[in-house]
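Reading the structure
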Amino acid sequence: MKLEKREITLNEKDSLKDILFMEKALLNDYVETLPKTSRKETRERLLKYIKETAEELFLMKDLLEKSTENK
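Each chain has its residues counted from 1, following the order in which its sequence is written. Given that this is a predicted model, residues contribute local features only at a pLDDT of at least 70 and side-chain atom pairs are listed and counted only at 80 or more, while totals for whole chains, interfaces and linings are drawn from all residues. Processing note: side-chain calculations cover all non-hydrogen atoms of the structure and skip hydrogens and water entirely.

**Observations regarding helix H1 (residues 12–33)**
- Its 22 residues give H1 an end-to-end C-alpha distance of 32 Å, which sits within 8% of 32 Å, the value for a rise of 1.5 Å per residue.
- The set of residues buried in H1 consists of Leu-16, Leu-20, Glu-23, Leu-27 and Tyr-30. The arc enclosing the buried residues of H1, seen along the axis, measures out at 90 degrees, which places them on a common side. Across from the buried face of H1, at angles greater than 90 degrees, the exposed residues are Phe-21 and Met-22.
- Along its buried surface, H1 packs onto helix H2 (40–69). Secondary structure elements follow DSSP: runs of H or I no shorter than four residues count as helices, runs of E no shorter than two count as strands, and numbering proceeds from the N terminus. Every helix has an expected span of 1.5 Å times one less than the residues it contains. For every residue, the accessible area (1.4 Å probe, protein chains only) is compared with the maximum for its type, and the residue is labelled buried under 20%, exposed over 50%, or partly exposed between those bounds. Within this analysis, the arc is defined by the directions that extend from the helix axis to the C-beta atoms. Between two residues, a contact is recorded if the distance between any of their heavy atoms is within 4.5 Å.

As structure tokens, then:
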């Protein structure tokens, strides 16, 4: 059996989808951790990260929509 080398390339749409998926997973982890947190400083930091991650998620979603429109 001969193994073939296949060229694997990621296009912009695939990359944006991967980033969007990871941002959603990260946001979900932050939200799940928040109620388990007891220190005020940690809660404040988590809320900051939730906001930043949500903004990045919206940016990736917008970029993905623009990328899809252009094709």
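Here the narrative resumes.
**Re the side chain of Thr-37**
- With respect to the element layout, Thr-37 can be found in the loop between H1 and H2.
- Classification of Thr-37 as buried rests on a relative accessible area of 16%.
- Within the structure, the side chain of Thr-37 is placed 2.9 Å from the backbone oxygen of Thr-33, a separation counted as a polar contact. As used in this structure description, the phrase polar contact means that two N or O atoms lie within 3.5 Å; if the pair is within protein, one of them must be able to donate a hydrogen and the other to accept it, and residues adjacent in sequence are counted only when both atoms belong to side chains.

**Some details on the environment of Ser-67**
- As for its placement among the helices and strands, Ser-67 is situated in helix H2.
- According to the relative accessible area criterion, Ser-67 is buried, its value standing at 4%.
- Separated by 54 residues in the primary sequence, Ser-67 and Lys-13 place their C-alpha atoms 6.4 Å from one another.
- When sequence neighbours within four positions are dropped, the list of residues in contact with Ser-67 reads Glu-12, Lys-13 and Leu-16.

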